[in-house]
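Residues per chain, in single letters:
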Amino acid sequence: MKNKAVCFCNLALGLLYIATTVWGYSIAFPMKEYIHLAEWCCISGLLGGTFYLFAFIYEFVTKKRLNAIFYLNTAVVLSLILIATIIMQLNVDEAFVFIHIVNPILILIYFFVFCDCSENKKILSVITCITFPIFYILFALCVWQSSGQCPFPASLILVWDNVLIPIGIIFGLCALIIGLSFGFFYLNRFPHCRNFRNGLW
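Residues numbered from 1 in each chain as written. Predicted model: local features only at pLDDT ≥ 70, side-chain atom pairs only at ≥ 80, totals over all residues. Heavy atoms only, no water.

K.L.:
Help me understand the nonpolar core, please; the structure alone is not making it clear to me.
P.N.:
The nonpolar side chains of a soluble globular protein tend to be buried with one another. Counting residues in hydrophobic clusters, the biggest one holds 47 residues, and the most contacted among them are Tyr 71, Leu 72, Tyr 110 and Phe 111. The set of elements that each furnish at least two residues to this core consists of helix H1 (2–25), helix H2 (40–62), helix H3 (68–88), helix H4 (96–114), helix H5 (131–147), helix H6 (154–158) and helix H7 (164–189). A total of 10 residues in this core trace back to one element, the largest contributor, which is H3. Apart from residues no more than four positions distant in its own chain, Phe 111 is found in contact with Ala 68, Tyr 71, Leu 72, Ala 75, Cys 117, Phe 184 and Asn 188. (Core = buried A, V, L, I, M, F, W, Y, C linked by side-chain atoms within 4.5 Å. Buried < 20%, exposed > 50% of the residue type's maximum accessible area, 1.4 Å probe, protein only. Helix = DSSP H or I, 4+ residues; strand = E, 2+ residues; numbered from the N terminus. Contact = heavy atoms within 4.5 Å.)

K.L.:
Any chance you could explain unusual backbone geometry here in plain terms?
P.N.:
Most peptide bonds adopt trans geometry, and most residues besides glycine take a negative phi value. Here the bond from Phe 152 into Pro 153 is cis, since omega is 5°, no more than 30 degrees from zero. Residues other than glycine seldom take positive phi values, yet Lys 32 does so here, at roughly 55°. Inspection of the secondary structure assignment puts Lys 32 in the loop between H1 and H2. Positive phi, normally seen in glycine, also occurs at Lys 63, with a value near 65°.

K.L.:
Honestly, the packing of aromatic side chains in this entry has me stumped. Any pointers?
P.N.:
Aromatic rings considered in pairs are described by the distance between their centres and by the relative angle of their planes. Under the defined criterion, the tally for this structure stands at 19 aromatic pairs. An angle of 80° between the planes, with centres 5.9 Å apart, marks the rings of Phe 112 and Phe 184 as edge-to-face. Here the residue Phe 112 occupies a position in helix H4, and Phe 184 occupies one in helix H7, the gap between them amounting to 72 residues. Comparing Phe 112 with Phe 184 shows no difference in burial state: the two are buried. Ring geometry for Phe 132 against Tyr 136: centres 6.2 Å apart, planes inclined by 25°, an arrangement best described as stacked. Note that Phe 132 and Tyr 136 are positioned in helix H5 at a spacing of 4 residues, about one turn of the helix. Pairwise contacts between aromatic rings join Phe 51, Tyr 52, Tyr 71, Tyr 110 and Phe 114 into one cluster. (Phe/Tyr/Trp six-rings, centres within 6.5 Å; stacked < 30°, edge-to-face > 60°.)

Okay, structure coming up:
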């Protein structure tokens, strides 16, 4: 039962993320504001949805689970959207109520219900959660240099007169993301979470 439920959830989350991201960002085409397609929410939503579809296929075919660290990475990256929405009051109209609120909450529920980080013995692998944020900043920097427009939220990080400010912000955010990642990691391993999963399944 558990394997079937996990496969269904992977498929549902993958389709939901891709569908709502396409729905929300399709407005960029008629408005010809293609810079929106390079935003964190758009890129992470499409990649996150693709990951969950891959997880569905992989686990359906092999009957094995992907390492929980992959789900931790996804949970951290997508939960940052929810955190930013709460702090910055991001748009929650139409598709964006899913992109900014509903989808990240579902990802967190999935992570704590279906994933078990206690099986991961390489604790330092948690640091890989900064991989996507670093690559996204590099991607946004390339977009900015080539188009003259810096996508959101990288525009809040990179667009400063003093180059030391972006460097400081990036290091600070990396530290916060690593802290959040370890928080999720250890909370997932917490006995009450493990007992809940064992009791549920």
